[in-house]
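# Per-entry structural report
Here are the chains, one letter per residue:
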Amino acid sequence: MTDDAKKRIEQLREEIREHDHLYYVLNRPRVSDRRYDELFAKLRELEQANPRLITADSPTQRVSERPLEGFSTVRHALPMLSMDNTYNAEELRAFDQRVAKQLGSEDYDYVVELKIDGLAISLRYERGILITAATRGNGQVGDDVTANVRTVKAVPLRLLDADEIPAVLEARGEVYMPTSAFLELNRLRTEAGEPAFANPRNAAAGSLKLLDARITAARNLSFFAYATGELSEPLAENHYECLRRFKELGLPVNPGITRAGDIDEAIEICDDWSKKRLSLDYQIDGMVIKVNRLDQRDILGATGRAPRWCISYKFAAEQAETVVESIDVQVGKSGILTPVANLRPVQLAGTTVKRASLHNFDMLAKLDVRSGDTVIIEKAGEIIPQVIEVKKSLRPKGTVSFRIPQTCPNCGSVVAKDEDGVYIRCLNLDCTGQLRERLKYFAGRGQMDIEHLGPALIDQLIEAGLVRNFADLYVLDKAQLLGLERTADKSAANVIRAIEKSKSRPLWRLVAGLGIRHIGGQSAQILAEHFGSLEKLMNTERQELEAIDQIGPTMAESVYEYFRDPENRSVIERLLAAGVKPEQPTTQRSDKLAGKTIVVTGTLEHFSRQQAEQAIRLAGAKASSSVSKKTDYILAGDNSGSKLEKAKKLGVEVIDEKRFMTMIDTDGHGLRH
Ligand code: IVH
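Quick summary incoming for the structure in this document.

About the cut-offs
- Residues numbered from 1 in each chain as written.
- Predicted model: local features only at pLDDT ≥ 70, side-chain atom pairs only at ≥ 80, totals over all residues.
- Heavy atoms only, no water.
- Helix = DSSP H or I, 4+ residues; strand = E, 2+ residues; numbered from the N terminus.
- Rg over C-alpha atoms; globule rule 2.2 N^0.38 Å.
- Areas by Shrake-Rupley, 256 points an atom, 1.4 Å probe, with all protein chains shown as cover.
- Lys, Arg positive; Asp, Glu negative; His and termini not counted.
- Charge placed at Lys NZ, Arg CZ, Asp CG, Glu CD.
- Axes fitted to C-alpha atoms, helices over the stretch in contact; angles between N-to-C directions.
- Parallel < 35°, antiparallel > 145°, perpendicular 65-115°, else oblique.
- Left-handed = near helix turned anticlockwise from the far one by under 90°.
- Contact = heavy atoms within 4.5 Å.
- Near = heavy atom within 4 Å.
- Polar contact = N/O pair within 3.5 Å; in protein donor to acceptor, adjacent residues only side chain to side chain.
- Core = buried A, V, L, I, M, F, W, Y, C linked by side-chain atoms within 4.5 Å.
- Buried < 20%, exposed > 50% of the residue type's maximum accessible area, 1.4 Å probe, protein only.
- Pairing = 2+ DSSP bridges.
- Nonpolar A, V, L, I, M, F, W, Y, C, P; charged D, E, K, R; others polar.
- Patch = residues over 30% accessible without salt bridge, like charges linked within 9 Å, V, L, I, M, F, W, Y side chains within 5 Å.
- Salt bridge = Lys/Arg side-chain N within 4 Å of Asp/Glu carboxyl O.
- 1 Å grid on protein atoms, 1.4 Å probe; cavity = no way out; pocket = protein on both sides within 12 Å on 5 of 7 lines; lining within 4 Å.
- Points joined across faces, edges and corners; volume = space filled by probe spheres on them.
- Expected span 1.5 Å × (residues − 1).
- Disulfide = S-S within 2.5 Å.

Across its full length, the chain holds 25 helices and 22 strands. Here the C-alpha radius of gyration of the chain, 29 Å, is about what a compact globule of 673 residues would show, namely 26 Å. Counting only C-alpha atoms and orienting by the principal axes, one finds that the chain spans roughly 85 × 85 × 50 Å. Here the chain displays about 33300 Å² of accessible surface, and carbon together with sulfur accounts for 48% of that area. Looking at the chain, you have 94 positive and 98 negative side-chain charges, and the mean spots of the two groups are 3 Å apart.

What follows is the structure, given as structure tokens:
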């Protein structure tokens, strides 16, 4: 049986690896998502039935369930150098002349690559298995980010079965966030009241520096390999050939890489990409030109900082000049005031720009942007337009500096600076500007998803005094809607029906819709699953929130404070009274293990670590990661190590999986996925 299982597991892994490679590296999927999911589920099932056969390079093992305490460091076998930059063709020709001079009469050629705007990473494979992934750090020593990089699907956990894999093979390249993933991430973050990332590079860097790989896994990072580090034997004689070998081994290589016979050809390729770059779904900040032959690279050598055989050619950031027509102040759903410049429309990097955020009043004061000013705008990471310079010499007479508002532009009440001193907030809880943003968010697609309730109607409802909070939506009737301007019979009926439909949305959507600071969709799901009902969530104690694994202290505090507020409580009570009855999470809750603290260790047969901890929480107990005298039980699976030892020493009762399942009264079914 085990032999059969072993064979089948190996087959499934091979098959899944091949599909991963086709999808993430070659961009040429061969099977439907559904078929892929079936293969994956089958593999997971077999592995759960045979936990001893689980290996680290299995496609099921990309995401580590345990957050790290911190990053350890890795010394690079060969230093990771930086690169000299050039900004025009002339400087590129000067580079070529230096190369020609040092190589004497030898012929040479170049490889021209896209300079991917992400984060340099070194992947170390030993006998074809990914062992470590490290950041560049200071070039000599970097951070060990293996757990996070393993979640990047474009990075193979084991190299494809090529004929000869060097025993040690370091592949270096760039981890990046595709532009589409970046925009989506920022949309979600903004909605959840979290700060947006300035550009995909920062987003990629931030995602690789997370201690919890489960979050990194959700960030849709990708990877291109472009260089070798340590090799126990050479891969090829020249760089272009090395990259071809990379591809054979299953490492993703950028398809835009081209050979150039001389510097003129290289410059032509660079100019070509400077026009085409906007069509890519990732950011490039320039091109890289590399001498192809490895023996010639040895002759050229390196300065302490950078190799002499390669150079980058940086694109100028796209800029445009325009005029500030006015400066507006917007109120966000948590009351933050943001200055926004209304611009004379101008073309920039493929879109018409009419507005640019000035971020906050410190920034506005520093630049001293005034209405009437001629300004230079730039797209940060070519995406978000920003004012970067004011042409003071062109400033019309009689302009004045923008005054920081002392009152809210919407409701006129006083504003205050946040403790950290950056944001200015309107403190009026009844501010209709904030209310408008909160209602828009509540009705939004990621939350209660109320069709037909758009911004224009929300404005009308607020103006007519019909809606002052979420609960008011649920007592609206058709006659009231028909009383508003331009509302026809049919559209009024549609709105009422959509509001009615939203009454039974899943609990997490309602929790997310409340717009509690720091709580986005994901954390709302965790809260909904943990508490099971709005009543329990709103009456929770601070300690219970703090004990939830994926809810950090800031989130716990924010949730606690939100539900302490009598105003918020009364709105929620009215919501429930109006018939909002969120669908409860399907998982069963009980008090079977109420008050107990349980530590899970080793590999279990029926549960992943996360599932076991979830089952513990659902039974009313606390899942903890460290053993102490306060631990009631240690649930020990196969290969339990030091935690089990410690538990035995402390006299903590050891239970096995079977016993655990009788304690929580389940056969393990329904918990598997
Ligand atoms: S080669 C010794 N190739 O640019 C240099 N680097 O500014 C070896 N980068 O740290 C690196 N795309 O993070 C190389 N096609 C490419 C690249 C690339 C992006 C990054 C890399 C490096 C930085 C230097």
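Now, onward.
Moving on, we come to the packing of helix α12 (residues 432-443) against helix α13 (residues 455-463). Any two packed helices are characterised by how steeply their axes cross, that is the angle between the axes, and by the distance between the axes. One way to put it is that α12 packs onto α13 with a least axis distance of 10 Å and a crossing angle of 135°. Considering the angle they form, α12 stands oblique to α13. Pair α12 / α13 crosses with right-handed handedness. Across the interface between the two elements, Thr 432, Leu 435, Arg 436, Leu 439 and Lys 440 of α12 pack against Pro 455, Ile 458, Asp 459 and Ile 462 of α13.

Here we come to the site of the ligand. Near the ligand lie 13 residues; those nearest to it are Glu 113, Ile 116, Glu 174, Tyr 226 and Lys 290. For the ligand, a nitrogen atom lies 3.2 Å from a polar atom in the backbone of Leu 114. Between an oxygen atom of the ligand and a side-chain N or O atom of Lys 115, the distance comes to 3.2 Å. Mapped onto the shell around the ligand, the elements with two or more residues apiece are β3 (110-116) and β10 (284-291).

So, about the nonpolar core. Ile 450, Leu 473, Tyr 474, Leu 527 and Phe 563 are the most contacted members of the largest nonpolar core, which has 50 residues in total. The greatest single-element share of this core, amounting to 5 residues, is contributed by helix α21 (residues 553-564). Excluding its chain neighbours within four sequence positions, the residues that come into contact with Phe 563 are Leu 514, Ile 516, Leu 537, Met 538, Arg 569 and Ile 572.

A few words on the sheet that holds strand β5 (residues 129-135). Spatially, the 4 strands line up as an open sheet ordered β5-β4-β7-β8, and their pairing is antiparallel. Of all the strands in the sheet, the pair left with one neighbour each is β5 and β8 (222-231). The sheet shows a mean angle of 30° between the axes of neighbouring strands, taken without regard to direction. Here 8 bridges tie strand β4 (residues 119-126) to strand β7 (residues 168-176), and the two strands are oriented antiparallel to one another. Across the sheet, the residue bridging to Glu 126 is Val 168, located in β7. Helix α6 (residues 200-208) contacts β4 and β7 of the sheet and is inclined by roughly 40° relative to β4. Docked against the sheet, helix α8 (residues 239-249) engages β7 and β8, running at close to 115° with respect to β8.

The next point concerns the environment of Lys 629. Mapped onto the fold, Lys 629 is located in the loop between β20 (622-624) and β21 (633-636). You can call Lys 629 exposed: its relative accessible area is 73%. Placed 122 residues apart in sequence, Lys 629 and Leu 507 show a C-alpha to C-alpha distance of 36 Å.

It is the contact of helix α3 (residues 89-103) with helix α9 (residues 263-276), at a shortest axis distance of 10 Å, that shows an interaxial angle of 145°. Seen along the crossing, α3 lies across α9 with a hand that is right-handed. Taking contact as the criterion, the partners of Ala 89, Leu 92, Arg 93 and Asp 96 in α3 are, on α9, Ile 263, Asp 264 and Ile 267. Each residue belonging to the contact of α3 with α9 can be placed in one class, and the counts come to 4 nonpolar, no polar and 3 charged.

Taken together, Asp 262, Glu 265, Glu 268 and Asp 271 make up a surface patch of like negative charges. When you line up the elements, Glu 265 lands in helix α9.

All right, on to the pairing of β7 then. Of all 9 residues in β7, 9 are buried; the element is thus mostly enclosed. Two strands pair when backbone bridges link them, and β7 and β8 are joined in this way by 7 bridges, in the antiparallel orientation. Counted as the bridge partner of Ala 171 is Thr 228 from β8.

Before going further, it helps to spend a moment on empty space enclosed by the protein. With the rule as written, the count across this model stands at 3 cavities of 30 Å³ or more. For the largest cavity, the calculated volume is near 160 Å³. Lining the largest cavity we find 16 residues, and of these Arg 17, Asp 20, Arg 62, Pro 156 and Leu 157 sit closest to its centre. Ranked by residues supplied to the lining of the largest cavity, first place goes to helix α1 (residues 2-25) with 5 residues. Partitioned by chemical class, the residues of the lining of the largest cavity number 7 nonpolar, 3 polar and 6 charged. In this structure, the second largest cavity encloses a volume near 40 Å³. Residues belonging to the lining of the second largest cavity are distributed by class as follows: 6 nonpolar, 1 polar and 1 charged.

Let us look at the sheet that holds β10. Pairing is mixed across the open sheet formed by 5 strands, whose spatial order is β2-β11-β10-β3-β9. Two strands lie at the open edges of the sheet, namely β2 (85-86) and β9 (258-260), each paired on one side alone. Relative to β10, β3 is paired through 7 bridges, and the arrangement is antiparallel. Note that in β10 the partner of Val 112 across the bridge is Ile 289. Sheet strands in contact with α3 are β2, β3, β10 and β11 (310-314), and its direction is about 175° off that of β11. Of the strands in this sheet, β3, β9, β10 and β11 touch α9, which is tilted by about 145° from β9.

Given 3.6 residues to a turn, an α-helix orients residues that are three or four positions apart in the same direction. Its 12 residues give α12 an end-to-end C-alpha distance of 16 Å, which sits within 8% of 16 Å, the value for a rise of 1.5 Å per residue. Of all the positions in α12, only Gly 433, Gln 434, Leu 435, Leu 439, Tyr 441, Phe 442 and Ala 443 are classed as buried. Buried residues in α12 make contact with α5 (179-191), β12 (319-331), β18 (424-426), α13, α14 (470-473) and α17 (507-513).

Here we come to the state of the cysteines. What makes a disulfide is a covalent bond joining the sulfur atoms belonging to two cysteines. Taken as a whole, this structure holds 0 disulfides when the rule is applied. Sulfur of Cys 431: no disulfide; nearest cysteine sulfur belongs to Cys 411 and is 3.8 Å away. For Cys 431, a relative accessible area of 0% gives the class buried.

The next thing to look at is the pattern of salt bridges. Counting across every chain of the model gives 43 salt bridges. Across the pair Asp 373 and Arg 395 runs a salt bridge, and its minimum N-O distance is 2.9 Å. You can see Asp 373 sitting in the loop between α11 (361-367) and β15 (374-380) and its partner Arg 395 sitting in the loop between β16 (384-390) and β17 (415-417), a full 22 residues away along the chain. The class for Asp 373 is buried, based on a relative accessible area of 0%. Through salt bridges with shared partners, one network takes in Arg 124, Glu 126, Glu 170, Arg 172 and Glu 230.

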